[in-house]
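Observations on chain architecture
The residues making up each chain are set out below.
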Amino acid sequence: MKSKKGRILLVEDESQLVDIYHDFLEMNGYDFLSTNNIQEALQLTEFEQPDLVLLDIIIPKPENTIAEQGWEYLAAVKKNSQTKDIPIVVFTNLETHRDRVKSEKMGAAAYIFKRDCTPREVMETIAEIIKKDRERKKK
Amino acid sequence: MPKIEKPDCINKNCWLAKTLNHSPYSRCQYCELKFQQCLFLHYQIISLILITFFLALFFVVEGKISELVIICIFTLVIVYGYFLNKSTDKIIKANFAQREAKLALEKLTEKLEERVDEQTKDIGEKNKYLQELLNMKTDFLRVVNHQLNTPLAVMKGYFSMMEEGSYPPDKARPAIKGGLERISSTVSDFWDAYELEGERMKMEPKKTDIAEIVNALIAEKQNLQLARERKLKIEVQKPEFEIPLAWCDCKKTAHVISNLLDNAVYYTRQGSVTVFYELIGKNYLKVNIKDTGSGVSDQDKKKLFQKFSRGKNATDLRPDGSGLGLFIAKKIIEGNGGEMVCVSAGANKGSTFSFTLPIYKNQKSTSEGEKPATREEKIVIFGKPSRQK
């Protein structure tokens, strides 16, 4: 059964960060899914219909080359009619203005600079976006 | 083929070409031969001599010259002359074309050589520039590596002791937190330096009360553990004039002052740190931060404001410096239209770091109405103006 608070998909390659958010979000009553693979993330997004996706941008490819695969994922999600309304939150350690503008242009719901945020701040942002999204869908 | 009138085409060797300019001599200007070597001229002279000779011979032998002979001779001379004239024409023009082609080719070769030289130089310069960048990158990575590894090592040390149970978590926690903060500030410094170097960082000048910033920072620095341990006297000298408002980027200037005060505290083992103000003409406010610390040797002065430069004493007194603080500070001050200098009588004789800032005189912000930079916002929810702006 899906949690009332919401189901979060974390697309992230740093396993320790996944662990932190896994524990923290589940402890606070969220359903938690995660993956470090973009293809899998797309499938999960379509079939599990999370309430929100936390998306890291720099995700190495399977052969271990550094790549900004997050953008590809974001573009693909927004292209798919099954997933285009799911709020995507860019969750990254990139901190240039350009990355923010790009996120907004590509249809992200928010931008979180990972380094400076505590799990609690991230969770509060998640809650706010999910709430807003649900109100919008009710209308 | 260029026009004959063109002065550089005129045959300077030949008297005919220089003097006469009508048919058939107009073609002579294409020719390069000397007057005496002209075949057509030889033909004309020899034909004339031969005609005269043969007519005289006829006259002597036969006693008269028949009209038929005269007609024959002249017809032959004219017909030969005609063809010789034509072929001379062609030869001259062909020679001229060849010469022209040769000249053009020479010119082209010269030009090509010039261009190759130019491009080689260009490539050389670019190569040098790239090499510099590469060196910079190597430096950068080495420093990044060192700067990040040092606090990591400290944190790891405390953490492992804590894990073993040999060190109380309450004591280890502040050290670990300090390490985290140090890593954060190092990463910010690197990013600032990177942005300032390419002048990508935008200054947002506004009316700024420097005295207020200084007072707040001094209170903060007096509380630093190091300042208390060393019993440093940190104070402001009240000037005789009223301190004017400055026109500068408030946050970044505060960062500069904080950095200079930090430096003063780090590099002063005993004594005092004093801030005093001066007016430079009517337009500039000068802020001086004077300490009784380790000073700056003449050798270190040269590279004081350079990236990653660390003075000889610096490494002893503050092993964790990134070597970027003064570089960033100077760039920020310059970005706000001021200057930064350091005066020191030498090692262990204290030093004074001073910078100037323009005084506020109704300057208008150029960025007014523009969207303010969102860089400092750590969470931005799009489509929600209250938080974004």
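All residue numbers refer to positions counted from 1 along the written sequence of the respective chain. Both sets of labels track the order of writing: A upward for chains, 1 upward for ligands. Two thresholds apply to this predicted model, a pLDDT of at least 70 for residue-level local features and 80 or more for giving and counting side-chain atom pairs, whereas whole-chain, interface and lining totals are computed over all residues.

1. Some details on the packing of helix α5 (residues 210-222) of chain B against helix α7 (residues 250-266) of chain B
Residue and element names in this part refer to chain B. Orientation is described by lines fitted to C-alpha atoms, with helices fitted over the stretch in contact, and by angles between N-to-C directions that extend from 0 to 180 degrees. Put simply, DSSP H or I for four residues or longer makes a helix, DSSP E for two residues or longer makes a strand, and each gets a number counted from the N terminus. With their axes 10 Å apart at the nearest point, α5 and α7 run at an angle of 35° to one another. The interaxial crossing formed by α5 with α7 has right-handed handedness. Here I213, V214, L217 and K221 of α5 come into contact with α7, specifically with T253, A254, I257, S258, L261 and V265. Here the contact of α5 with α7 is built from residues that sort into 7 nonpolar, 2 polar and 1 charged. Should the near helix be turned counterclockwise from the far one by less than a right angle, the crossing is left-handed, whereas a clockwise turn marks it as right-handed. It is the C-beta atoms, placed from the backbone, that decide contacts: two residues are in contact if theirs lie within 7 Å. Asp, Glu, Lys and Arg are counted as charged, while Ala, Val, Leu, Ile, Met, Phe, Trp, Tyr, Cys and Pro are counted as nonpolar; the rest, among them Gly, fall into the polar class.

2. Some remarks on the pairing of strand β5 (residues 284-291) of chain B
Residues and elements named next belong to chain B. Exposure in this text rests on C-beta crowding, where 20 or more other C-beta atoms within 10 Å of a residue's own make it buried, 12 or fewer make it exposed, and counts in between make it partly exposed. The C-beta atoms are placed from the backbone. Burial along β5 is one-sided: L285, V287, I289 and D291 are buried, and none of Y284, K286, N288 and K290, which face the opposite way, are. Think of it this way: DSSP has to see at least two bridges between two strands before they count as a pair. In terms of strand pairing, strand β4 (residues 272-280) meets β5 through 8 bridges, oriented antiparallel. What sits directly across from E278, in β5, is K286. Here β5 runs beside strand β7 (residues 351-358); their pairing, made up of 8 bridges, is antiparallel. Looking across to β7, one finds that L285 is bridged to L357.

3. Notes on unusual backbone geometry
Residues and elements named next belong to chain B. Here K231, not a glycine, exhibits a phi torsion of approximately 55°, which is positive. Among the secondary structure elements, K231 is positioned in the loop between α6 (225-229) and β2 (233-236). Exposure remark for K231: the 9 C-beta atoms within 10 Å place this residue in the exposed category. One non-glycine residue, N362, adopts positive backbone phi at about 60°. Inspection of the secondary structure puts N362 in the loop between β7 and β8 (379-381).

4. Focus on the nonpolar core
Residue and element names in this part refer to chain B. Counting residues in each nonpolar core, the largest one holds 40 residues, and the members touching the most others are I210, L260 and A329. Broken down by secondary-structure element, the contributors of at least two residues to this core are α4 (169-197), α5, β3 (246-249), α7, β4, β5, α10 (325-335) and β7. Broken down by element, this core gets its largest block of residues, 7 residues, from α7. Those residues in contact with A329 that sit more than four places away from it in its chain are V256, N259, L260 and M340. Remark: nonpolar core denotes a set of buried Ala, Val, Leu, Ile, Met, Phe, Trp, Tyr and Cys residues whose joining runs through C-beta atoms within 7 Å.

5. A closer look at the sheet that holds strand β1 (residues 7-11) of chain A
With respect to topology, 6 strands assemble into an open sheet ordered β2(A)-β1(A)-β3(A)-β4(A)-β5(A)-β8(B), the strand pairing being mixed. What marks the edges here is a single partner per strand, and that holds for β2 (31-35) of chain A together with β8 of chain B. Across the sheet, the mean angle separating the axes of adjacent strands is 15° when strand polarity is ignored. Of the pairings in the sheet, the one linking β1 of chain A to strand β3 (residues 52-55) of chain A comprises 4 bridges and is parallel in character. Bridging from a neighbouring strand, L10 of chain A pairs with L54 of chain A of β3 of chain A. This element, helix α1 (residues 15-27) of chain A, spans β1 and β2 of chain A of the sheet and lies at about 165° to β2 of chain A.

6. Quick look at the environment of S297 of chain B
All names here are of chain B. Within the secondary structure, S297 sits in the loop between β5 and α8 (298-302). On the basis of neighbour count, S297 is assigned to the partly exposed category, with 16 C-beta atoms found within 10 Å. Between the C-alpha atom of S297 and that of K349, which follows or precedes it by 52 residues, the distance is 9.2 Å.

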